[in-house]
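Analysis of the macromolecular model
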Amino acid sequence: MTLELLEGSAAIAEAAIAAGCRFFAGYPMSPFTGLLEEMSRRMPAAGGVSLNAESEIEGVNMTLGAAAAGARAATGSCGQGIALMQEAIAEAALNETPFVVFNLARNQQDYFQATRGGGWGDYRTITLAPKDIPEAVEHTQLLFHLADKHRAPVMLYGDPLLAQTRVGVEIAPLDFGPLPAKDWALDGTGGGTGRSRQVWTWAMGKATDPGPGPDGHWRAIAEKFDRIDALEARHEQSGEPGAETVVVAFGSAAKFVEHVVGDLRADGHDIGWFRPVTLWPFPGDALAAATAKARRVLVFELNGGQMLDDVRIHAYDRKAVTFIGGVSIAESGLSFGPLLDAPVIRRRILEAL
């Protein structure tokens, strides 16, 4: 296997195709546009379809339809476009249709959107937030697996750095283990047999084959997401728990924090870092253990304080939590501002010590 020098969007597209994605639809919104262009270029040769939809709403519903037919399918946008997709994402979660949503945020870390959503019903969205492009290649393939494993829409959370930086990466299909058969898919094989299938949020079934109905179905969905919460939380941290100061960050910002904390440790500071790899399920038990001996828990994120809520809920001592992030948007409105700079992060950490 050799390294290829690829922009993040191209690497993610190659990883999605390697994972078996054969349907993709979206509407161009920077920095997601690059991924849509790459999928349009590469998908036909892989035997798949990539569509430039007329809106984000059309794109996500096309994806839902392809996924309901059994295809590995995906869509995406930046945060503004994902906002328009929330109803369809909720419907997919509640009628158990698996697909991947690529959320390439434009100018701030929209943690609430990725973890709370804007749809209806008792559902959550498994969300992986890679810190760099090589990890995004792995996470892209893992998400297609998790979507099929749990029959649910899932999300990859990224940003302009992830989409537009060029690095050397290896792209190869990854095997995450066996999956259940898609015996629920609307592939037409049951037509005319009396055993036709349904994908229905209300789960009423048919006169000849009644379903559990909305109450029973939605109870089962809520219980399923409880099981996912217990199974799929992932995190990364520096060394063993016990540092006096722990800095919590996610996504690309965590890459900068990891670098700064490494320098501070080299300077003699008793400091560590903690990164939620899954934004949901949030690795709360792991964070509690990592902060059990901490006098200070510093939260760095590029927004007004969103992951901050989950850190306060799960840190061993919520009174130790201090926010050192903030809104920082480039004048173009299309990327992060100067707060995402290692010397600035270092200064904010030192001021909080």
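Reading the values: the criteria
Residue indices begin from 1 for each chain and proceed along its sequence in written order. Local features in a predicted model are, by the rule used here, given only for residues with pLDDT of at least 70; side-chain atom pairs are given and counted only at 80 or more, and totals for whole chains, interfaces and linings are based on all residues. Where side-chain values are given, they derive from all heavy atoms of the structure, hydrogens and water being excluded. We count a stretch as a helix when DSSP gives it H or I for four or more residues in a row; a strand needs E for two or more, and each element gets its number in order from the N terminus. This radius of gyration counts C-alpha atoms alone. The globule rule is 2.2 Å times how many residues there are, raised to the power 0.38. Burial status follows relative accessibility: with a 1.4 Å probe on protein chains alone, a residue under 20% of its type maximum counts as buried, one over 50% as exposed, and anything between as partly exposed. Here a strand pair is declared whenever DSSP counts at least two bridges between the two strands. To define axes, lines are fitted to C-alpha atoms, for helices over the stretch in contact only, and angles between the resulting N-to-C directions are given on a 0 to 180 degree scale. Contacts are residue-level and defined by heavy atoms, with any inter-residue pair within 4.5 Å sufficient. Geometry of aromatic contacts follows a simple scheme: Phe, Tyr and Trp rings, the Trp one being its six-membered ring, pair when their centres are within 6.5 Å, and the pair is stacked under 30 degrees between planes, edge-to-face over 60, tilted otherwise. When an angle is under 35 degrees it counts as roughly parallel; over 145 it counts as roughly antiparallel; between 65 and 115 it counts as roughly perpendicular; any other value is oblique. Crossings are sorted by hand: turned counterclockwise from the far helix by less than a right angle, the near helix makes the crossing left-handed, and turned clockwise it makes it right-handed. Polar here means any residue outside two lists: the nonpolar Ala, Val, Leu, Ile, Met, Phe, Trp, Tyr, Cys and Pro, and the charged Asp, Glu, Lys and Arg; Gly therefore counts as polar. Expected helix span is computed as 1.5 Å times (number of residues minus one). The working definition used for a salt bridge is a side-chain nitrogen of Lys or Arg within 4 Å of a carboxyl oxygen of Asp or Glu. Within this scheme, the nonpolar core is defined by two criteria: the residues are buried Ala, Val, Leu, Ile, Met, Phe, Trp, Tyr or Cys, and they are joined through side-chain atoms within 4.5 Å.

**As for the overall build of the protein chain**
- Secondary structure summary: the protein chain contains 12 helices and 16 strands in total.
- Computed over C-alpha atoms, the radius of gyration of the protein chain comes to 21 Å, within 12% of the 20 Å expected from 2.2 N^0.38 for 353 residues, which places it in the range of a compact globule.
- C-alpha extents for the protein chain along the principal axes are approximately 75 × 45 × 40 Å.
- Buried positions account for 53% of the 353 residues belonging to the protein chain.

**Topic: the sheet that holds strand 12 (residues 245-248)**
- Spatially, 11-13-12-15-16 is the arrangement adopted by the five strands of the open sheet, whose pairing is mixed. With one partner strand each, in any of the chains shown, strand 11 (235-237) and strand 16 (321-323) form the two edges of the open sheet. Strand-to-strand twist in this sheet, taken as the mean axis angle between neighbours without regard to direction, amounts to 20°.
- Pairing of strand 12 with strand 13 (residues 271-276), which is carried by four bridges, proceeds in the parallel orientation.

**A look at the side chain of His150**
- Examined against the element boundaries, His150 turns out to sit in helix 6 (residues 133-150).
- The exposure class of His150 is buried, given its relative accessible area of 10%.
- Filtering out sequence-adjacent residues up to four positions away, His150 remains in contact with Ile126, Lys224, Ile228, Leu231 and Glu232.

**A few points about the packing of aromatic side chains**
- A full pass over the atoms with the stated rule returns seven aromatic pairs.
- Residues Phe24 and Phe102 carry aromatic rings whose centres are separated by 6.3 Å and whose planes lie at 45° to one another, so their mutual orientation is tilted. One end of the pair, Phe24, is in strand 2 (residues 23-26); the other, Phe102, is in strand 5 (residues 100-104), and 78 residues separate them in sequence.
- Residue Phe24 is classed as buried on the basis of its relative accessible area, which comes to 0%.
- Accessibility expressed as a relative area gives 1% for Phe102, which makes it buried.
- Look at Trp202 and Trp218: their rings are 5.3 Å apart centre to centre, the planes differ by 55°, and that puts the pair in the tilted class. Remark: Trp218 occurs in helix 8 (residues 213-231) and Trp202 occurs in the loop between strand 8 (166-169) and strand 9 (205-206); sequence separation between them is 16 residues.
- Judged by its relative accessible area of 26%, Trp218 falls in the partly exposed class.
- Members of the aromatic cluster, each reached through a chain of ring pairs, are Phe24, Phe32 and Phe102.

**Thoughts on the packing of helix 1 (residues 8-18) against helix 2 (residues 33-42)**
- Between helix 1 and helix 2, the least distance of the axes is 8 Å, while the angle of their chain directions is 50°. The orientation of helix 1 relative to helix 2 falls into the category oblique. In the crossing of helix 1 with helix 2, the sense of the turn from one axis to the other is right-handed. Facing Ser9, Ala10, Ile12, Ala13, Glu14, Ala16 and Ile17 of helix 1, the residues of helix 2 in contact are Gly34, Leu35, Glu38, Met39 and Arg42.
- By residue class, the composition of the contact of helix 1 with helix 2 is seven nonpolar, two polar and three charged.

**Structural notes on helix 6**
- Between the first and last C-alpha of helix 6 there are 25 Å, a value that for 18 residues agrees with the 26 Å anticipated at 1.5 Å per step.
- For helix 6, the tally of buried residues reaches 15 of 18 residues, placing the bulk of the element in the interior.
- At the exit of helix 6 stands Arg151, carrying a positive phi of roughly 50°.

**Considering unusual backbone geometry**
- Cis geometry marks the peptide bond from Ser30 to Pro31; its omega dihedral reads 5°.
- Here Trp280 and Pro281 are connected by a cis peptide whose omega angle stands at 0°.
- Within the fold, Pro281 resides in the loop between strand 14 (278-280) and helix 10 (284-290).
- With phi around 60°, Glu96 is a residue other than glycine that occupies positive phi space.
- Examined against the element boundaries, Glu96 turns out to sit in the loop between helix 4 (79-94) and strand 5.
- Look at Ala203: it is not a glycine, yet its phi comes out positive at around 50°.

**As for the pattern of salt bridges**
- Counted according to the given criterion, the structure contains 20 salt bridges.
- Two residues, Lys131 and Glu258, come together in a salt bridge whose shortest N-O distance is 3.0 Å. Here Lys131 is found in the loop between strand 6 (126-128) and helix 6, whereas its partner Glu258 is found in helix 9 (residues 251-266), with 127 residues between them in sequence.
- Classification of Lys131 by relative accessible area gives buried; the value is 12%.
- Judged by its relative accessible area of 26%, Glu258 falls in the partly exposed class.
- Of the charged contacts in the structure, one is a salt bridge between Arg275 and Glu135, with a shortest N-O distance of 2.8 Å. With Arg275 in strand 13 and Glu135 in helix 6, this residue pair connects regions lying 140 residues apart in the sequence.
- By relative accessible area, which is 1% here, Arg275 ends up buried.

**Topic: the nonpolar core**
- Phe24, Leu35, Phe102 and Val311 are the most contacted members of the largest nonpolar core, which totals 85 residues.
- Listed in part, the 21 residues of the second largest apolar core include Ala249, Leu264, Ile271 and Val344.

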